[in-house]
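What follows is each chain in one-letter form.
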Amino acid sequence: MGRNRQLTVLAVLLLNANKIVPVSSLIDAVWRAEPPATADKQIQTCVWRLRNAFAAAGAPVDLIETEQGGYRIRLGDEELDAHAFEKTVRRARDLTAAGDLENAATEYQSALAFFRGQPLADLSGPLTYTVAAHWEERRFSVLEEWLDVGLALGRHAELISELKPLVAEYPMRERLCAQLMTALYQSQRRAEALAVYRTSRHALITKLGLEPGARLQELHQQILAGEGVAPAPATARRDLGPDQTPAQLPARVTDFAGRSDIAERIGWGLRATGTPRVIALVGCAGSGKTALAVHVGHGLQQYFPDGQLYADLRGQSEPVPPQEVLRGFLGGLGVPEQQIPAGVAARAALFRSVTASKRLLIVLDDVAETTRYEALLPSGESAVLCTGRTSLLRIPGLTEYCLDGLPGSEAVDLLASLVGVDRVFAEADSARRIVDLCGRLPLAIRAAGARLRARPRHSLRSFVDRLTGSHNRIAELSIGSLDVGARLASTLDQLSLAGYRLWLRLSLCELAAIPECVASAVADRSDEDTQRLLDQLVGQHLLRVAPGEVADGPHYAFNPLVRDYARQRAEAELGAGTGRDVAEQVTGALRRREPARDSHLPYRRREEPTVYDSQAV
């Protein structure tokens, strides 16, 4: 069998045995960031050659099946060593739970015998590193269970030779250290047991800045005091079988369009190896954060073989307590209800223990600034993808991406996926005008698409006229659950009264980018107070810092649709004369800043400044 591409394709199929693997996933595994134009044809050739190789070896002709959009390899429980390993481990745990430790130890040894070297040793690249790391952690987890059984059987002396090289190589694995300390102490080698603790503690403090955990410290104190030390109870941990992997992500958005560049960057960040990765998508209401997170999550299934966990934290409405989220996560990972402790701290500790040997993708949707994120973070090789309307940078090690409206071409592509390519192509100018009137926000574009689908005979031009002529454009771009106004209203609830009033008044400024001096004049507050309020509005993504550098400090801009919504509320809440007041304040502030450059003012020179007219916008 050929190496490189054929082996990579085979590896991906085997890692997803009995599941359909999309052709796009195979292409990504083989070429990663730069596939050739003929990638799908080359994958087809690789599969054909694999089938020939298996057939020549006597395998069934339908071993690799062609499915819609991909391929699937069908294997029984005993035909793949990974499946056979898991089955043997489950037998060992059942025997341990029943108290038959002798036979449990034999089954554990049989399971560990499946490891005959590094998985996928003939391949290189991110896929290999990910799988190798997962199975190395899996092997250690089962090895530690076998060692607990051996200690419970009184085999202290013979296990010392197994444990010493392992602890020397992995001094920060506290469970291994505790097992070696127990074995040495029970073999009348107390000084060596205490030396193991000192070595482990030094490694933890030097590399992580952490003291050993409570279990290891307690064992150390018992040995110092010369007390009797019992081995850890040999209890079977319940893990999910290979066909019970949690898959909690919402359904894939079939008409998802755009964001390809940022989706690729997020994907690379999440599937990297190392300590848990945390990535956040933040942006204003309707910017498509959840859709992007779900889209990326489904595209990364092969890199997270232990599954995906998902929780809607409802941060902008009724935040879900962390202990309830953890209860759902632990249940999804197979922890029985009666074994889930009460309280956030205890559940978080159990969650970290359960995830230590797993590679999961965890999606936390609609995270509020007040959410106790730390309790929801896993350990080990898992990754976390968050969405929220406020910055989440206070999470240690987090990478944050800000979303606003789509680029013009991607916004039109989304509209075309909703109403039909031919219809959009026939009225390309009107299509571009529609997405601009939507602020290029995916939620508003989807609402526009839903209205246009309901009127298949109406022209796009007539819909443009309807949007531009409507005094309540937000209402025109809301239908059912696609309600931009409701999403924005929930964000406004998070503002202070002063911040809210400033936002309303700034929306009446006829400036594409609003300087800080203008914002201070409109707020009628000190520069320091105004800056604090502007930071609040930017943090809630109701304003954004305009791109480009200017000499007199940052400028601020609205998303066009968000500005429409703010103006609608300003008209209803601030009174008819507010537009005139804001115009005078803006003109005065700009004249004080640039008295000699009247031609740059946004208002015509006349006796009274231009007044905002809501009907003309």
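Higher on the page you've got the structure.
Residues numbered from 1 in each chain as written. Predicted model: local features only at pLDDT ≥ 70, side-chain atom pairs only at ≥ 80, totals over all residues. Heavy atoms only, no water.

(A) Seen up close, the pattern of salt bridges. This model, assessed by the stated rule, comprises 23 salt bridges. The partner of Glu 192 in a salt bridge is Lys 164, and the shortest N-O contact between them spans 3.2 Å. Taken together, the positions of Glu 192 in helix α9 (residues 190–208) and Lys 164 in helix α7 (residues 156–169) put the pair 28 residues apart, joining distant regions of the chain. Residue Glu 192 is classed as partly exposed on the basis of its relative accessible area, which comes to 31%. The partner of Arg 461 in a salt bridge is Asp 465, and the shortest N-O contact between them spans 3.0 Å. Taken as a pair, Arg 461 and Asp 465 lie in helix α19 (residues 460–469) at a separation of four residues, close to a single helical turn. For Arg 461, a relative accessible area of 47% gives the class partly exposed. Several salt bridges converge on common partners, so that one network encompasses Glu 65, Glu 67, Arg 72 and Arg 74. (Salt bridge = Lys/Arg side-chain N within 4 Å of Asp/Glu carboxyl O. Helix = DSSP H or I, 4+ residues; strand = E, 2+ residues; numbered from the N terminus. Buried < 20%, exposed > 50% of the residue type's maximum accessible area, 1.4 Å probe, protein only.)

(B) Focus on the sheet that holds strand β7 (residues 383–388). Reading across the sheet, the five strands line up as β5-β6-β7-β4-β8 and stay open at both edges, with parallel pairing between neighbours. Whereas interior strands pair on both sides, the edge strands pair on one side only; in this sheet they are β5 (308–312) and β8 (398–403). Put simply, the sheet's adjacent strands are angled 15° from each other on average, direction ignored. Where strand β4 (residues 277–283) lies against β8, six bridges are found, and the strand directions are parallel. Residue Ala 280 lies in a different strand from β8, and its bridge partner there is Glu 400. Contacts from helix α13 (residues 322–332) reach β5 and β6 (361–365), with the element oriented near 155° to β5. (Pairing = 2+ DSSP bridges. Axes fitted to C-alpha atoms, helices over the stretch in contact; angles between N-to-C directions. Contact = heavy atoms within 4.5 Å.)

(C) A look at the nonpolar core. In terms of nonpolar packing, the biggest core is built from 64 residues, with Leu 415, Ile 434, Ile 445, Trp 503, Leu 506 and Val 518 touching the most fellow members. Per-element tally for this core: the top contributor is helix α15 (residues 408–419), with seven residues. Look past the residues within four positions of Ile 434 in its chain and what remains in contact with it is Leu 415, Ala 448, Leu 452, Leu 460, Phe 463 and Val 464. (Core = buried A, V, L, I, M, F, W, Y, C linked by side-chain atoms within 4.5 Å.)

(D) Spatial organisation of the packing of α9 against helix α10 (residues 214–224). The contact between α9 and α10 brings their axes to 10 Å, and the two run at 150°. One way to sum up the angle between α9 and α10 is to call them roughly antiparallel. For the crossing formed where α9 meets α10, the hand is left-handed. On α10, the residues that touch Arg 190, Ala 193, Leu 194, Tyr 197 and Ser 200 of α9 are Leu 216, Gln 217, His 220, Ile 223 and Leu 224. Residue classes in the contact of α9 with α10 are distributed as six nonpolar, three polar and one charged. (Parallel < 35°, antiparallel > 145°, perpendicular 65-115°, else oblique. Left-handed = near helix turned anticlockwise from the far one by under 90°. Nonpolar A, V, L, I, M, F, W, Y, C, P; charged D, E, K, R; others polar.)

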